[in-house]
Amino acid sequence: MRIAKSLLIQPGGNGIYAIPAVALSLFSFAYSTKFGQIAILLYYALWFPLIAVDYRKVLGNYNRHAWMLAFAVLVVLSVFWSAVPSVSLRAGIQYLTQVICTLIAARIIDIRTLTRGMIAGVGIVLIYSILFGGYEYDLMDGTYSFVGAFASKNQLGLYASLGIIVCFAAVFIFGERRIWLAGAGITGLLSAYCLAVCQSATSVLTTAVVIALIIGLRVVLALTPQQRKLLVIGGGVAVIVLVTASVYLGVVDAILGLFGKDSTLTGRTYLWQQGLAAAAQNPVFGIGYQAYWVQGFAEPERLWNEFYITARTGFHFHNTYIETDVELGFVGVLLLALTLLKILWGHLRRLIEDIRNDESYLLFAIAVLLAIRSFVEIDILTPYTVGTFLFYFCAGKLATVRRKSANHVWHHHTPPNAATS
């Protein structure tokens, strides 16, 4: 029996395949450390075989979009100067292949399918954590928190944040009805519960900011494109002034206090100092991708000991740019930062200039979430994580050709005698 190509690779027409594929991918990312190679092979099996269906359509032409792959290529090339080449080579290949799979997904999945897949995927991930997870003592916070089936409450918090955001978008942006409205309600409630019990200040605050952003953008989108530009510029300046004033007036410390944290972010500032000192030893290209936190090296062993990390693994500097600086130097930080800025600007520009662009509406919000979290987590820096998947999905969508009928003339209908391409 032959399966029509459209059921596999046609955006908008392949939901029967793509929705489960996204859901299973999220589950694989969430518990890859628990299920090991089986989870990773499942992820590859969902996306790589689609190349055989129609390689031109699935892979596309990225010659004009090398910026998306620049950081991933640097990650692989770091094997040539890495302090531990075998570690950098393996991790680099893992990172690059995840990026390729993600870009395949970006070419064959439309935004509504992604949203539905994430509703299903986050729901499954959180149900599994509630059924088979538990509480752990957080050494950095000094409290017991629900971590589910994850190794960190912040990872559980990320999935809960994404669940709330996509469920809110499903109703608020896409106007889902019937089964997907019910699905959004169930996953949204599960996400809110997990966000509350995991006690992750990072996740709670970033979720609140992104939901406020989505609501605020609705006001902006009610204006003409020219009016939007002026309002966004004014709003951006106001946010900068507000954040700066909050820091000097102690508002930030007061908010952190509500979550039992202080201005040192429960030890993160000390970690950042140690990271910057380590980065200064190899300032241009770093020590090599994932070549710092290696057992037997004096400095990581010291930090593991100071933070009571008895497993001597799964630790980082809690800052994407410092971690990148240590591993890939100034060059790595520059490439990663430019990629993130390109994603943010690209989707914001489409959102402002198009009459209606639901794709960039949601992806800009997700990019903002990842950008804020990048200062306290490393969501987009490691392979087989939902953060890396969404980061490059946002980038991949900027490489797709926009259809005028979908983005620029929302309510316009093609004249009966118009030629079709």
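See the structure above.
A brief structural summary. (Residues numbered from 1 in each chain as written. Predicted model: local features only at pLDDT ≥ 70, side-chain atom pairs only at ≥ 80, totals over all residues. Heavy atoms only, no water.)

**Regarding the overall build of the protein chain**
Put simply, the test is: Helix numbers and strand numbers start at the N terminus; a helix is a DSSP run of H or I with at least 4 residues, a strand a run of E with at least 2. Contacts are assigned to residue pairs with any non-hydrogen atoms lying within 4.5 Å of each other. For the accessible areas, the method is Shrake-Rupley and the probe is 1.4 Å, while residue cover comes only from the protein chains on display.
The secondary structure content of the protein chain amounts to 19 helices and 2 strands. In the protein chain, 75% of the contacts between residues at least 6 apart in sequence involve partners at least 24 apart. Of the roughly 20100 Å² of accessible surface on the protein chain, 66% is carried by carbon and sulfur atoms.

**Overview of the packing of aromatic side chains**
The way to describe two aromatic rings as a pair is by their centre distance and the angle between their planes. The condition is simple: Between rings of Phe, Tyr and Trp, where Trp is taken as its six-membered ring, a pair exists when centres lie within 6.5 Å; planes separated by under 30 degrees are stacked, by over 60 edge-to-face, and by other angles tilted. Throughout this description, buried means an accessible area under 20% of the type-specific maximum (1.4 Å probe, protein chains only), exposed means over 50%, and partly exposed covers the range between. Ring-over charges, as used throughout, are those where CZ of Arg or NZ of Lys falls within 6 Å of the ring centre and within 35 degrees of the ring normal.
With the rule as written, the count across this model stands at 29 aromatic pairs. Summarising the aromatic geometry, the rings of Tyr292 and Trp293 are spaced 5.0 Å apart at their centres and angled 85° between planes, so their arrangement reads as edge-to-face. Trp293 carries the same exposure label as Tyr292, and that label is buried. Judged by centre distance (6.0 Å) and plane angle (35°), the ring pair of Phe389 and Phe393 falls under tilted. In this pair, Phe389 and Phe393 both sit in helix H18 (residues 386–399), 4 residues apart, roughly one turn of the helix. Among the residues examined, Phe389 registers a relative accessible area of 1% and is labelled buried. When its relative accessible area of 0% is taken as the criterion, Phe393 is described as buried. One aromatic cluster in this structure is built from Phe27, Tyr31, Phe35, Tyr128, Phe132, Phe150 and Tyr159. Above the face of the Phe172 ring, Arg218 is positioned so that its terminal group lies 4.4 Å from the ring centre.

**A look at the environment of Cys194**
Structurally, Cys194 can be placed in helix H10 (residues 178–198). Given a relative accessible area of 0%, Cys194 falls into the buried group. When residues no more than four places from it in sequence are discounted, the contact partners of Cys194 are Leu126, Ile130, Leu156 and Ala160.

**A word on the nonpolar core**
One recurring pattern in soluble globular proteins: nonpolar side chains tend to sit buried together. Short version of the rule: Throughout, nonpolar core names a set of buried Ala, Val, Leu, Ile, Met, Phe, Trp, Tyr and Cys residues whose side chains join them through atoms within 4.5 Å.
Ranked by size, the top nonpolar core spans 103 residues in total, and within it Trp47, Ile109, Leu114 and Tyr159 carry the most contacts. Look past the residues within four positions of Leu114 in its chain and what remains in contact with it is Val22, Ile109, Leu363, Phe389 and Phe393. Among the nonpolar cores identified, the runner-up in size contains 19 residues, and Leu271, Trp272, Leu303 and Val326 belong to it.

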